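Analysis of the macromolecular model
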Amino acid sequence: EYVRFDGANQRLGIGTTSAINSSKVSIVDTAKPLTLAYDGSNYATFKVSSGGALTIDTGNDINLDSYTGITNYLYRGTEKFRITAGASSPVVFQPKADAYDMAFNQYDGNEVMRITDGGAVGIGTDAPSQKFEVNGGGTSTYMKIVGQNNTGYIGQDTVGMAIYQEANAAMY
C-alpha cells in the first residue's frame, strides 16, 4: 500500500499505513525526499535524517516570512551565506541553550573568532581572558583603527607595546 487516506480523521499517509503523530500528511520514504515544486527548475527538497535533522535543499533563497530570509548565493564566483531581517528587526545569533559560546570557523574548521557566554570576544583565540582579546599568533600583532582624519595602530612587537599614528608617523 503506497497511499492511505483516513477520511474520519482527515489524514493522508504516503509510504505508511498511518499518519505520524497527529499530522495531516505523513510521507515515509528513506530513499526519496519530499520535493515541493513550482516547476522543473524552481523547487525545494526536504530530507529528514535518521537522527531527525531536517535538510532543506533549494537553488534559491529561503524566505522565512516577507521580511526575513536565509540566502545562499554566489558573489564574484564565491559561495556566500546571508541572513536578512526587516529594517525594524535585528538579526539575532543565539545558542540553543544557556552557557554556550558562539564560535566562527573557516571552511577548513579553523576557528577565527569566539564570543563567550560571559561576553568576551576573542579573535585568534578560543579562550579570551579579557572582554576583547586579539591574538595574531606572531612576533608582532597590530590592531588598525581608522578614524575620520587619520589611521592608527595599537599593538605589540618584539620591543613591546606600541601606538602608531599614520598621519604624523609618530610612535608613542
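Before any of the text, the structure's been laid out above.
So, here's what we can say about the structure.

Cut-offs and rules
Residues numbered from 1 in each chain as written. Predicted model: local features only at pLDDT ≥ 70, side-chain atom pairs only at ≥ 80, totals over all residues. Heavy atoms only, no water. Helix = DSSP H or I, 4+ residues; strand = E, 2+ residues; numbered from the N terminus. Buried < 20%, exposed > 50% of the residue type's maximum accessible area, 1.4 Å probe, protein only. Contact = heavy atoms within 4.5 Å. Pairing = 2+ DSSP bridges. Axes fitted to C-alpha atoms, helices over the stretch in contact; angles between N-to-C directions. Salt bridge = Lys/Arg side-chain N within 4 Å of Asp/Glu carboxyl O. Polar contact = N/O pair within 3.5 Å; in protein donor to acceptor, adjacent residues only side chain to side chain.

**Examining the overall build of the chain**
Helices and strands together make up the secondary structure of the chain, namely zero helices and 17 strands. Taking all 172 residues of the chain together, the buried fraction comes to 13%. In the chain, of all internal contacts separated by at least 6 residues, the share reaching a separation of at least 24 is 0%.

**Let's talk about the sheet that holds strand E11 (residues 111-115)**
What links the strands of a sheet is backbone hydrogen bonding, and the strands pair in either a parallel or an antiparallel sense. On the basis of which strands lie adjacent, the open sheet formed by four strands has the order E10-E11-E12-E13 and mixed pairing. Both outer strands of the open sheet, strand E10 (102-105) and strand E13 (132-134), are each paired with one neighbouring strand and no more. Strand-to-strand, the axes of this sheet are offset by a mean angle of 10 degrees, without reference to chain direction.

**Topic: the sheet that holds strand E6 (residues 54-58)**
Taken together, three strands build an open sheet; the order of strands is E4-E5-E6 and the sheet is antiparallel. Of all strands in the sheet, those bounded by a partner on one side alone are strand E4 (34-37) and E6. Adjacent strand axes in the sheet meet at a mean angle of 20 degrees, parallel and antiparallel pairs treated alike. Pairing geometry for strand E5 (residues 43-48) and E6, over five bridges, is antiparallel.

**Comments concerning the environment of Asp117**
Tracing the backbone shows Asp117 in the loop between E11 and strand E12 (121-123). For the pair formed by Asp117 and Asp98, sequence separation is 19 residues and the distance between their alpha carbons is 7.8 Å. Residue contacts for Asp117: discarding those within four places in its chain leaves Asp98, Ala99, Tyr100 and Asp101.

**Focus on the pattern of salt bridges**
For the coordinates displayed, the defined rule picks out two salt bridges. When the shortest N-O distance is used, the salt bridge between Arg114 and Asp101 registers 3.1 Å. Of this pair, Arg114 sits in strand E11 while Asp101 sits in the loop between strand E9 (78-84) and E10, placing them 13 residues apart in sequence. Under the relative-accessibility criterion, Arg114 is labelled buried at 16%. With its nearest N and O atoms 2.7 Å apart, the salt bridge here joins Glu111 to Arg114. Assessed through its relative accessible area of 28%, Glu111 is described here as partly exposed.

**Side note on the side chain of Thr125**
Mapped onto the elements of the fold, Thr125 is located in the loop between E12 and E13. Accessibility expressed as a relative area gives 14% for Thr125, which makes it buried. At a separation of 3.2 Å, a polar atom in the side chain of Thr125 contacts the main-chain amide nitrogen of Ala127.

**Examining the side chain of Thr45**
Examined against the element boundaries, Thr45 turns out to sit in strand E5. The exposure class assigned to Thr45 is buried, which follows from its relative accessible area of 9%. Beyond its immediate chain neighbours, meaning those up to four positions away, Thr45 contacts Pro33, Leu34, Thr35, Thr55, Ile56 and Asp57.

**Some remarks on the pairing of strand E15 (residues 151-156)**
As paired elements, strand E14 (residues 141-146) and E15 share six bridges and run antiparallel to each other. By the bridge assignment for E15, Val146 is matched with Thr151. If you look at the hairpin formed by E14 and E15, you'll find four residues sitting between the two strands. Pairing between E15 and strand E16 (residues 161-165): five bridges, direction antiparallel. Each bridged residue has a counterpart across the sheet, and for Ile154 the counterpart in E16 is Ile163. Count of turn residues in the E15/E16 antiparallel hairpin: four residues, of which Gly160 carries a positive phi of about 150 degrees.

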